[in-house]
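Summary of structural features
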Amino acid sequence: MGRRDQVNVLGLTKKDYDGAPSTLCVGCGHNSIANQIQQIAWELGLPQHQVIKLSGIGCSSKSPAYFLGHSHGFNALHGRMPSVATGAVTANHSLIAIGVSGDGDTGSIGMGQFKHLIRRNVPMVYVVENNGVYGLTKGQFSATADQGQFNKYAGGINELTPIDLCFEAIISGCGFVARSFSGDKHQVQELLKAAVNYDGTALIDIISPCVTFNDHEGSSKSYAWVQEYNEVINDISFIPEQPEIMVNYQEGESISVKLHDGGIVHLTKLDKSYDPRDREAAITLLERYQDPDKIVTGLIYINEDKKTSTQILDLPETPLVHLAQSDLRPSREALADALNTFRM
Ligand SMILES: Cc1ncc(C[n+]2csc(CCOP(=O)(O)OP(=O)(O)O)c2C)c(N)n1
Ligand code: SF4
Ligand SMILES: [Mg+2]
């Protein structure tokens with residue numbers, strides 16, 4: 001049997017997880033990320049009817065059309081994906097939500113929405129395809145562009161301080177913060193698998209070069225730059241729950257974090273002193289890597305103990321969307337009791 005005929009636990013081939021053909025530029029980092037999402041969805045055997053793909057506006061936000069053609073999808077307004085995602089996941093918390101946004105969609109127009117989604121800890125994977133420009137509208141600088149960078153399409157030099165989305169996520173309380181590079185397939189795939197199995201908002205900020213408007217010399221979001229300056233802090237592998245697998249790791253060199261569903265995030269520490277469970281260390285690390293010629297990738301921070309929005313809202317096990325009218329409408333007595341609690 002050839003690789004193309006190989007089937008996953010659901011008896012489906014990888015092709016069954018295809019979306020529409022990509023209309024993005026050849027070589028765009030976003031295409032590679034879409035392929036990696038398709039790959040891990042197939043490998044993990046995600047049921048497509050249980051997945052909702054969410055995005056805003058941008059070349060990056062178009063990419064959900066290019067994978068998982070049988071899943072639900074919602075292309076929100078520019079920067080407004082987080083509120084649509086919050087609504088969708090609240091209405092049906094049994095869905096696996098995968099959001100794909102851009103550095104403009106998240107870091108510029110959508111920053112407020114992004115922060116509040118994280119604050120609520122809405123359980124979803126939140127991928128930012130970060131190229132430092134507004135690719136769709138022809139190369140203006142986005143909020144993640146480096147100060148002092150020249151880009152002829154953006155009209156000169158960027159005078160403004162860049163925003164680091166991993167930093168913003170950690171200080172807003174995010175419990176899963178990672179950075180990667182679209183050219184590192186293994187790292188992107190393993191981070192995605194861990195993120196899908198993480199219970200809460202899982203941010204992966206992926207540097208994803210725009211070959212048309214920002215892949216030139218001097219751009220820290222170009223393929224050549226990231227290949228030269230990328231410092232990987234940990235080699236990550238995700239191990240799904242399987243009782244027979246024993247994880248063997250050497251103290252001091254590896255870390256295993258058990259997720260709620262039993263899956264394990266296994267990290268081989270490349271920087272021996274770094275522990276991604278230490279929030280202060282994560283903030284210090286990002287502070288140290290503010291210079292564009294120091295790019296850090298890997299799992300930067302993980303915290304498994306945060307309550308999700310589903311738990312905070314105390315939602316019933318049956319998703320709201322599946323409750324009958326009779327379950328949702330309080331009885332006359334229950335309503336009277338509730339009103340009485342507001343009377344002095
Ligand atoms: C409210 C609103 N403002 C502005 C625009 C124009 N616009 C469309 S996409 C975009 C930026 C997209 O940049 P990014 O999110 O980085 O995606 P990329 O194309 O780089 O992947 C802008 C400003 C819009 N569609 N809607
Ligand atoms: S313009 Fe840039 S971001 Fe948009 S598809 Fe082309 S390479 Fe990708
Ligand atoms: Mg962009």
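Up top is the structure these notes are about.
Now for a look at the structure at hand. Computed from a predicted structure; not experimentally measured.

Our focus in this paragraph is unusual backbone geometry. Within the chain, lysine 138 stands out as a residue other than glycine whose phi angle is a positive 85 degrees. Its location among the elements puts lysine 138 in the loop between β5 (133–134) and β6 (140–141). Not every positive phi belongs to a glycine, and aspartate 314 is a case in point at roughly 55 degrees. When the 6 C-beta atoms within 10 Å are taken as the criterion, aspartate 314 is described as exposed.

This brings us to the packing of helix α3 (residues 81–91) against helix α5 (residues 111–120). Packing of α3 against α5 leaves a shortest axis separation of 8 Å and a crossing angle of 30 degrees. Between α3 and α5, the crossing angle belongs to the class labelled roughly parallel. For the pair α3 and α5, the contacting residues are Pro82, Ser83, Ala85 and Thr86 in the first and Gln113, Phe114, His116, Leu117 and Arg120 in the second. For the contact of α3 with α5, the per-class residue count stands at four nonpolar, four polar and one charged.

Let us now look at the sheet that holds strand β10 (residues 201–207). Ordered by their spatial adjacency, eight strands build an open sheet running β2-β1-β3-β4-β10-β9-β15-β11, and the pairing between neighbours is mixed. The open sheet is flanked by β2 (72–75) and β11 (230–232), the only strands paired with a single partner. Sheet twist, expressed as the average angle between the axes of neighbouring strands with direction ignored, equals 20 degrees.

Turning our eyes to something else, we now look at the site of ligand 1. Residues in contact with ligand 1 amount to 19 residues; listed here are only the nearest, Gly58, Ser60, Gly102, Gly104 and Gly135. Ranked by residue count, the leading element in the shell around ligand 1 is helix α4 (residues 103–108), at three residues. Looking at the shell around ligand 1 residue by residue, the classes come out as seven nonpolar, nine polar and three charged.

Turning next to the site of ligand 2. Taken together, Leu24, Cys25, Cys28, His30, Cys59, Asn131, Gly135, Leu136, Cys210, Val211, Thr212 and Phe213 make up the full set of residues adjacent to ligand 2. Of the residues in the shell around ligand 2, the class split is eight nonpolar, four polar and no charged.

Another aspect to go through is the packing of helix α1 (residues 29–44) against helix α7 (residues 185–197). Helix-helix packing is described using two parameters, namely the angle between the two axes and the distance between the axes. At a closest axis distance of 9 Å, the pairing of α1 and α7 adopts a crossing angle of 55 degrees. Accordingly, the angle class assigned to the pair α1 and α7 is oblique. The two elements α1 and α7 meet at a crossing, and its hand is right-handed. On α7, the residues touching Ile33, Gln36, Ile37, Gln39, Ile40 and Leu44 of α1 are Lys185, Val188, Gln189, Leu192, Lys193 and Val196. The residue makeup of the contact of α1 with α7, split by class, is seven nonpolar, three polar and two charged.

Reading the values: rules and limits
- Residues numbered from 1 in each chain as written.
- Chains lettered and ligands numbered in written order.
- Predicted model: local features only at pLDDT ≥ 70, side-chain atom pairs only at ≥ 80, totals over all residues.
- Helix = DSSP H or I, 4+ residues; strand = E, 2+ residues; numbered from the N terminus.
- Buried ≥ 20, exposed ≤ 12 C-beta atoms within 10 Å, placed from the backbone.
- Axes fitted to C-alpha atoms, helices over the stretch in contact; angles between N-to-C directions.
- Parallel < 35°, antiparallel > 145°, perpendicular 65-115°, else oblique.
- Contact = placed C-beta atoms within 7 Å.
- Nonpolar A, V, L, I, M, F, W, Y, C, P; charged D, E, K, R; others polar.
- Pairing = 2+ DSSP bridges.
- Near = placed C-beta within 6 Å.
- Left-handed = near helix turned anticlockwise from the far one by under 90°.

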